[in-house]
Amino acid sequence: MNELIYVTGHRHPDSDSICAAITYTDLLKRCGQEAVACRQGPLNEETKFILKRFHQENPLLLTDARTMISDIDIDPPMKIRKDETVHHAWHEMLRTQNRSLFVVDENDKLVGICTTSNLSYVRLQPDGDLDSLIATAKLEDMAHTINGEVRFEPEHFHSNGHINIITVEHLQDDRYPLKNGIVMMTTGEQKQKDAIDQGAACLIITCGEHLSETMLEYAKAHNCAVIESKIDTMHAARIISESYTVEHIMTKEPMFFRENEYINDVAARMQKNRVRSYPVLNDKDEIVGAISRYHTLNHNRRKFVLVDHSAMNQTISHVDEAEIIAIIDHHHIGGIQTDRPIMYRNVKCGCTCTIISTLYQENGLLPDADMSGLLLSAILSDTLNFKSLTTTESDRVAAAWLAKRAGIEDIDAYAREMLGASVSLRDSSMHDILNRDLKSYEVGNYRFAIGQTNYSRMEEVQKILPEFKETLKAEQEKLKLDLLVMLFTDVMGDGSLFVFYGPLSNVIHDMIETTFDDHSGFDSKIISRKQQMMPKLSALIKTI
């Protein structure tokens, strides 16, 4: 089974969640586990700057925790070409103990499914229908099916598919309808000649007997095909009816699945069909496996490590259908529940990456220069270069240690460069700015959300403010929130500009230092949503 571990941050990625995912993935790999770093949304400019600076690719975009077909072990596909005979299909099913064969064309593309039901159904059909199927068989396929050899094949061979087994010494014209049919016999030149004279399309000589040269020339002169077989007449008669190709009896336009489909969706679709095994295709329409109901009932769930969050409304969709094996976070303990004990590390500090830097050391490892740069960058971002009230001494100690390992001599200079990369407002839509780092909360019966982004020059904020207010108002009405707030925070920690809409807007008026109008204001002390704004806002809402 797939033991890959997915490491992901919250739905609106910031530098801490992305750097934490990458560095903890690195730690897991160095501890011998298979892991991949993930993200749930687009990266902001600051994070892009950090990844470029320290030579990292964007993490895998993953927004759904459900298990896909590609995550589990499935059976290898059992394929058969559409021009193979039914006889060969039976042998393949017996050889592989598989009741479904995937029929492919000359380009190896799926064109149908051949099941035991398809093969058995034909045997129950009237003789006329079976004759029509045998009439489609090629001479070489008939010979191969009965382990025989074609002695003569007319230029345009065709039969009506009706098989006659001749055991009498002399044929009478009115007893056996031989014209355009297939005649099976052993010895007896007279009855061989009679069959040819009556217009047989094919003469099959069984039991290892051979047509004389004289009679062979006679058959050629009358365009009667000749096959010689070593097997006995009754055996040949029984299996020659399987010499037509599977394309005539297969199920066309079969149900199939893509390897990126979710297992629970696959199981639901299977309930409407009774095939035992279904083909699985990749994005190139190549058959990569076979899946059955057994696979949908017996598989491991995806394994996840959650970093920088533990709240259900911030985590990946359908996380309840996955297996959470660890949570590493520095926020309040959220509502995520697990059905078994996990590794849970929650520390009161300014950044998840501070915790991860400790985990490296606890495992007897040291992050390399690039990983150290990521960890340092996340700490500087989340603490606003140590000016946030969430900053602890462990953040400062970790940053100093990591800076040396990353080769950064002036932390303040690097912080200004990094934080400045995130403040481009003019090239982003109002919707993107709002959702860069938007988090939802509930206090009592009230629902609200708070977004936050940085700026380096107040002029840029003032320029977009009228349009942004309209966007914020529309989003608040659309989501039916009691309050929607956006903080534009100075990159060096010199306060935040507030924009807000909703029935609880008066609460923000009571909380911040200065109000400009009914929907905006400024506070020189609030720069942390988690440590400063949320405690004040929650306390005020609880008094309502």
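Here is a short report on the structure shown in this document. (Residues numbered from 1 in each chain as written. Predicted model: local features only at pLDDT ≥ 70, side-chain atom pairs only at ≥ 80, totals over all residues. Heavy atoms only, no water.)

**Re the pattern of salt bridges**
For the structure on display, the rule yields 26 salt bridges. Where Asp-339 meets Arg-340, a salt bridge forms, and the shortest distance between an N and an O atom there is 3.6 Å. With a relative accessible area of 46%, Arg-340 lands in the partly exposed category. Here Arg-529 ties to Asp-437 by a salt bridge, and the two come within 2.8 Å at their closest N and O atoms. In this pair, Arg-529 sits in helix 19 (residues 529-542) while Asp-437 sits in the loop between helix 16 (430-435) and strand 19 (438-443), placing the two residues 92 residues apart along the sequence. For Arg-529, a relative accessible area of 6% gives the class buried. A single salt-bridge network, built from bridges that share partners, covers Glu-3, Arg-301, Lys-303, Glu-323, Asp-339 and Arg-340. (Salt bridge = Lys/Arg side-chain N within 4 Å of Asp/Glu carboxyl O. Buried < 20%, exposed > 50% of the residue type's maximum accessible area, 1.4 Å probe, protein only. Helix = DSSP H or I, 4+ residues; strand = E, 2+ residues; numbered from the N terminus.)

**Focus: the nonpolar core**
By size, the foremost hydrophobic cluster in this structure holds 51 residues, and its most contacted members are Tyr-24 and Val-305. Excluding its chain neighbours within four sequence positions, the residues that come into contact with Tyr-24 are Val-7, Val-305, Ile-328, Met-343, Ile-356 and Leu-359. In this structure, Ala-89, Leu-130, Ile-182 and Ala-201 belong to the second largest nonpolar core, which totals 35 residues. (Core = buried A, V, L, I, M, F, W, Y, C linked by side-chain atoms within 4.5 Å. Contact = heavy atoms within 4.5 Å.)

**Here we look at the packing of helix 1 (residues 15-30) against helix 13 (residues 369-382)**
Two numbers describe how helix 1 lies on helix 13: the axes approach to 9 Å, and their chain directions differ by 155°. Between helix 1 and helix 13, the interaxial angle falls into the category roughly antiparallel. Seen from above, helix 1 lies across helix 13 with left-handed handedness. Contacts between helix 1 and helix 13 involve Ser-15, Asp-16, Cys-19, Ile-22, Thr-23 and Asp-26 from the first element and Met-371, Leu-374, Leu-375, Ala-378, Ser-381 and Asp-382 from the second. For the contact of helix 1 with helix 13, the residue count by class is 6 nonpolar, 3 polar and 3 charged. (Axes fitted to C-alpha atoms, helices over the stretch in contact; angles between N-to-C directions. Parallel < 35°, antiparallel > 145°, perpendicular 65-115°, else oblique. Left-handed = near helix turned anticlockwise from the far one by under 90°. Nonpolar A, V, L, I, M, F, W, Y, C, P; charged D, E, K, R; others polar.)

**Considering unusual backbone geometry**
Positive phi, close to 65°, is recorded for Asp-108, a residue that is not glycine. Within the fold, Asp-108 resides in the loop between strand 5 (100-104) and strand 6 (110-115). The class for Asp-108 is partly exposed, based on a relative accessible area of 36%. Not every positive phi belongs to a glycine, and Asn-180 is a case in point at roughly 65°. The residue Asn-180 is located in the loop between strand 8 (163-165) and strand 9 (182-185) in this model.

**A look at the side chain of Thr-23**
Along the chain, Thr-23 falls in helix 1. Of the residues examined, Thr-23 reaches a relative accessible area of 0% and is grouped as buried. Among the polar contacts made by the side chain of Thr-23, one reaches the main-chain carbonyl oxygen of Cys-19 at a distance of 2.7 Å. At 3.3 Å, the side chain of Thr-23 and the backbone oxygen of Ala-20 are in polar contact. (Polar contact = N/O pair within 3.5 Å; in protein donor to acceptor, adjacent residues only side chain to side chain.)

**Here we look at helix 12 (residues 352-362)**
Because an α-helix completes one turn every 3.6 residues, residues spaced three or four positions apart along the sequence face the same direction. Helix 12 sits mainly inside the fold: 8 of its 11 residues count as buried. Of the surrounding elements, those touching the buried residues of helix 12 are helix 1, strand 16 (303-307), strand 17 (323-329), strand 18 (343-346), helix 13 and helix 14 (393-406). Looking at the residues trailing helix 12, positive phi occurs at Gly-364, about 70°.

**Focus on the sheet that holds strand 14 (residues 278-281)**
The strands that make up a sheet are held in pairs by hydrogen bonds between backbone atoms, and each pair lies either parallel or antiparallel. Taking strand neighbours across the sheet as the criterion, the 3 strands line up as 13-14-15 in an open arrangement whose pairing is mixed. Lying at the two open borders of the sheet, with one neighbouring strand each, are strand 13 (257-258) and strand 15 (287-291). In terms of strand pairing, strand 13 meets strand 14 through 2 bridges, oriented parallel. Within strand 14, the position partnered with Arg-258 by the bridge is Leu-281. (Pairing = 2+ DSSP bridges.)

**Description of the sheet that holds strand 12 (residues 251-252)**
Sheet architecture is open: 4 strands sit in the order 4-5-6-12, paired in mixed fashion. The strands lining the two open edges of the sheet, one partner per strand, are strand 4 (79-81) and strand 12.

**Here's the deal with the packing of aromatic side chains**
Two aromatic rings, taken as a pair, are described by how far apart their centres are and by the angle between their planes. Taken as a whole and assessed by the stated rule, the structure comprises 6 aromatic pairs. Judged by centre distance (5.5 Å) and plane angle (70°), the ring pair of Phe-257 and Tyr-278 falls under edge-to-face. One end of the pair, Phe-257, is in strand 13; the other, Tyr-278, is in strand 14, with 21 residues separating them in the sequence. Using a relative accessible area of 0% as the deciding quantity, one classes Phe-257 as buried. (Phe/Tyr/Trp six-rings, centres within 6.5 Å; stacked < 30°, edge-to-face > 60°.)

**Let's talk about the environment of Gly-407**
Note on placement: Gly-407 falls in the loop between helix 14 and helix 15 (411-420). Note on Gly-407: relative accessible area 59%, which makes it exposed. In sequence terms Gly-407 and Asp-370 are 37 residues apart; their C-alpha atoms lie 9.4 Å from each other.

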